Every structure is written in C-alpha cells, then in structure tokens.
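# Structural overview for review
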Amino acid sequence: MKLKLKKTLLLCAILTFLLSLTGCDEKETLNFEFNEQYMQDYTKVIIEKYYETSPEEQEYYTTEGTDLEKSAVSGFMAAETTDHVGKFMSYKTGEGSVEFKNGANGKVLCSQVCKYEHRYVKVTVAYKENKKYALDKKQTYDQITEVASQYGMDVTTFITQAFGNDPAMDLSSVDKFLDSYLVSEFKEYPFEPVEVEVSPIYSKSELMGMAGKNTAIGMGVVFCVLIFISFIISLLKFLPMLFDADIKRAKAEAKKAAEEAKKKTEDRIIASSKDQETAAPAVPSESVAPAASADEDLMNDSELVAVITAAIYAASSGGGMRAPAYTASNDKLVVRSIRRVR
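The paragraphs below set out a description of the structure included in this document. (Residues numbered from 1 in each chain as written. Predicted model: local features only at pLDDT ≥ 70, side-chain atom pairs only at ≥ 80, totals over all residues. Heavy atoms only, no water.)

## A look at the overall build of the protein chain
To keep things clear, this is the line we draw: Numbered from the N terminus, helices here are DSSP runs of H or I no shorter than four residues, and strands are runs of E no shorter than two. Two residues qualify as a contact provided that any one of their heavy atoms is within 4.5 Å of a heavy atom in the partner residue. Note on areas: these come from Shrake-Rupley sampling with a 1.4 Å probe, and a residue is covered only by the protein chains present in the view.
Per the secondary structure count, the protein chain includes 12 helices and five strands. In the protein chain, 62% of the contacts between residues at least 6 apart in sequence involve partners at least 24 apart. By element, 58% of the accessible surface of the protein chain is carried by carbon and sulfur atoms, the whole surface being about 25,000 Å².

See the structure below:
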C-alpha cells in the first residue's frame with residue numbers, strides 16, 4: 001500500500017514538472033497583432049522626444065499636456081532628480097533589451113532598456129489598438145489599385161515598379177507594403193501610445209538595502225505613533241479635573257477641611273498633654289465622681305476621647321514632645337477601648 005502511494009506521488013510530481021515546462025515554452029498571445037519592429041521604433045521615437053526637455057517644455061507638458069506627455073516627462077524628470085541616473089547614453093541591444101507583453105484593458109506594453117550614465121533604465125510604453133488603421137489601410141489599397149488599373153497593371157507589379165527603389169518600403173507582400181507605406185507617408189501605426197512608465201533598474205543588493213531601510217522607517221514610525229497614543233491615553237485621567245471645575249473645587253475644599261481638622265485635633269491633643277503635666281496630684285476617686293456627674297458638659301464625646309488618649313500617651317512617653325496622634329508608646333502600651341462612664 002505504501003509503495004503504491006509513493007509511485008502515485010512520484011507520477012504526479014513528474015506530470016506537474018512537465019506541465020510547467022510546457023507553460024514556460026509557450027509564448028504569450030498578445031492582445032492585438034502588430035509589427036514588433038514598428039512598435040520598437042515608435043517607442044524609441046517617444047523616448048527621444050521626451051527624455052530631455054527644457055524647463056518651459058516640462059512646465060507645459062506636466063500641466064497642459066496629454067496623458068502620454070505628462071507621464072513621459074514626469075517619469076524622465078523623476079529618474080534624473082530622484083534616482084540620479086545621469087545622462088542618456090544609448091539603447092541597450094541584445095537579449096532582454098526589448099520586451100512585449102499584455103497590459104490592462106486590451107493594451108500591449110513595449111519595454112525598451114536604455115543605458116544611462118549611472119544605471120540602466122527601462123522605459124515602458126502602453127499601446128492600444130488603432131481602430132481607424134484598418135479603414136485607412138483598406139482605403140489606401142483601393143487607391144493604389146485604381147491607379148494601377150489606369151496603367152494597365154496589377155497591384156503587385158505597380159507597387160514593385162513604383163516603390164522598388166524606396167528602402168523604407170517592405171515589398172515582401174502587399175499587406176506589409178501597406179503597413180510600411182502608411183508609416184512612411186502618414187506616420188500612422190496600427191497602435192497608439194497611451195502612457196509611459198520610466199523605471200530605473202536596480203540590482204538585487206540595492207533592492208534589499210532599500211527594502212530594509214523602508215522597513216526600518218515604517219516600524220520606527222509605527223512605534224513612535226504607538227508611544228504617542230499611549231501618552232495621550234495616560235493623560236485622559238486628568239480630563240475630569242481640567243474640564244469639571246466643580247469636581248476640582250470640591251476636592252480642594254475637602255482636602256483643605258481634612259487638613260484643618262487634622263491640625264485642630266493635633267493641637268488639642270498637645271494642649272491636653274501639657275495640661276496633664278502641670279496638673280495637681282490625683283485626688284481620691286470619691287472626690288472626682290461628683291465633678292464627673294455635674295450637669296455642665298464641657299466637651300463632646302470625640303473631644304473627650306482625644307483628651308484621654310493624649311493623657312495616656314503623655315503618661316507613657318513622659319514628655320510633651322509633639323508627635324502624630326494615636327501612636328503607640330515605647331513600652332508597648334495599647335489602648336483597646338475607651339468607654340464613657342456615667
């Protein structure tokens with residue numbers, strides 16, 4: 001069972017590999033038919049027209065020009081000022097110098113690699129199909145046929161005799177002759193340029209360096225924003241005090257009242273302790289009882305508790321030194337409870 005499974009997996013892997021090789025060998029079918037040499041020549045014409053422009057031309061093209069002019073001039077300006085590619089030198093030749101592929105919305109992209117002073121630059125022009133070209137081509141063929149009939153010739157013979165010495169004409173077929181004739185005489189192509197993209201070519205090491213730099217900058221910005229947000233959140237606790245005057249005023253009054261009550265209590269305790277130190281010797285309990293049962297109430301309960309506590313503290317500590325209220329003495333004397341005796 002395991003051997004059969006291994007064979008099946010191996011067969012699937014081989015089939016996948018063969019299909020991938022088949023896909024690599026298959027050439028992409030472009031969105032419309034055209035002469036690749038004509039498209040490459042047209043791309044070079046666009047490059048030579050816009051790669052070097054004066055400040056006045058740049059101002060006009062970038063503000064009042066067409067989409068083609070705006071994209072072309074802006075792209076070449078960015079390559080020189082931002083990417084610092086230097087001056088235009090020549091067109092790259094050989095394998096990989098020109099590429100044709102499909103673009104969005106039925107367009108065809110022609111990419112020409114140019115050699116600049118400091119690096120290579122890929123210029124990609126997007127073309128759309130010229131719908132009027134087929135009609136103009138048919139009308140041109142009809143006109144040539146009519147002229148050839150006036151001389152008693154067929155179209156092929158007339159074309160050969162009339163344009164045989166013109167190097168710009170392709171006489172290999174009538175169809176190719178019409179293409180070359182429209183291009184040479186009327187500058188009309190079966191495609192129209194729409195937009196230009198200028199992309200400096202960087203090495204893998206340069207791309208990795210820029211990616212690392214961008215990553216570091218992005219993470220730094222994110223952390224700075226998070227720290228700033230945390231700081232803002234930490235300040236939210238102060239909003240009620242800043243915007244609610246009543247709460248702020250009430251807290252201030254309560255704090256002031258608490259401080260005054262604390263100070264008043266401490267002063268009474270200290271005063272009571274001093275009185276106890278200067279008081280006469282204690283008298284028998286029988287003589288104290290009538291005074292305690294007098295009708296005159298000199299203190300309320302809270303003041304009585306404070307005085308008794310201060311007296312106990314003064315007796316245990318043996319001095320009139322001011323100290324915090326209700327603090328235990330050094331001889332570990334602890335007051336468990338104080339009750340008023342009637």
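## As for the packing of aromatic side chains
The following threshold applies: In this analysis, rings of Phe, Tyr and Trp, with Trp reduced to its six-membered ring, are considered paired at centre separations within 6.5 Å, and the interplanar angle assigns stacked below 30 degrees, edge-to-face beyond 60, and tilted for intermediate values. Each residue is placed in one exposure class: buried if its accessible area under a 1.4 Å probe, protein chains only, is under 20% of its type's maximum, exposed if it is over 50%, and partly exposed if it falls in between.
Per the stated rule, a full pass over the model turns up 18 aromatic pairs. Judged by centre distance (6.1 Å) and plane angle (85°), the rings of Phe-34 and Phe-191 are edge-to-face. Of this pair, Phe-34 sits in the loop between helix 1 (2-25) and helix 2 (36-50) while Phe-191 is found in strand 5 (residues 191-200), placing the two residues 157 residues apart along the sequence. Judged on exposure class, the residue Phe-34 and its partner Phe-191 are both buried. Judged by centre distance (5.5 Å) and plane angle (85°), the ring pair of Phe-88 and Tyr-116 falls under edge-to-face. Of the two residues, Phe-88 is situated in strand 1 (residues 88-91) and Tyr-116 in strand 3 (residues 108-116); the sequence distance between them amounts to 28 residues.

## Comments concerning the side chain of Asp-179
In plain terms, the rule: The definition of a polar contact used here is a pair of N or O atoms within 3.5 Å, where within protein one atom must be able to donate a hydrogen and the other to accept one, and adjacent residues in sequence count solely through side-chain atom pairs.
With respect to the helices, strands and loops of the structure, Asp-179 is situated in helix 7 (residues 174-186). Asp-179 sits in the buried class, given a relative accessible area of 16%. A polar side-chain atom of Asp-179 sits 2.5 Å from a polar atom in the side chain of Tyr-133.

## Focus: the pairing of strand 4 (residues 120-129)
Short version of the rule: Here the rule is simple: two strands pair whenever DSSP picks up at least two bridges between them.
Both strand 3 and strand 4 contribute to a ladder of eight bridges, which runs antiparallel. Bridging across to strand 4, Lys-115 finds its partner in Tyr-120. The hairpin turn running from strand 3 into strand 4, its antiparallel successor, is three residues long. Note that strand 4 and strand 5 share nine bridges and pair antiparallel. Across the sheet, residue Val-121 finds its bridge partner in strand 5, namely Pro-200.

## Some points on helix 7
Stated precisely, the cut-off is as follows: Multiplying 1.5 Å by the helix residue count minus one yields the expected span of that helix.
Given a rise of 1.5 Å per residue, 13 residues ought to cover 18 Å, and the 17 Å separating the end C-alpha atoms of helix 7 matches this to within 8%. The inward-facing, buried residues of helix 7 abut helix 2, helix 5 (131-150) and helix 6 (155-163). Lys-187 occupies a position one or two residues after helix 7 and carries a positive phi of about 55°.

## Examining unusual backbone geometry
Note on backbone geometry: most residues besides glycine have negative phi, and most peptide bonds are trans. Phi angles above zero are rare outside glycine, and His-84 is one such case at about 55°. In this structure, His-84 sits in the loop between helix 4 (67-81) and strand 1.

## With respect to the nonpolar core
This is how the line gets drawn: To form a nonpolar core, buried Ala, Val, Leu, Ile, Met, Phe, Trp, Tyr and Cys residues must be joined to one another through side-chain atoms within 4.5 Å.
By size, the foremost hydrophobic cluster in this structure holds 32 residues, and its most contacted members are Phe-34, Met-39, Tyr-127, Phe-191 and Val-196. Only helix 2, helix 4, strand 1, strand 3, strand 4 and strand 5 provide two or more residues apiece to this core. Ranked by residue count, the leading element in this core is helix 2, at six residues.

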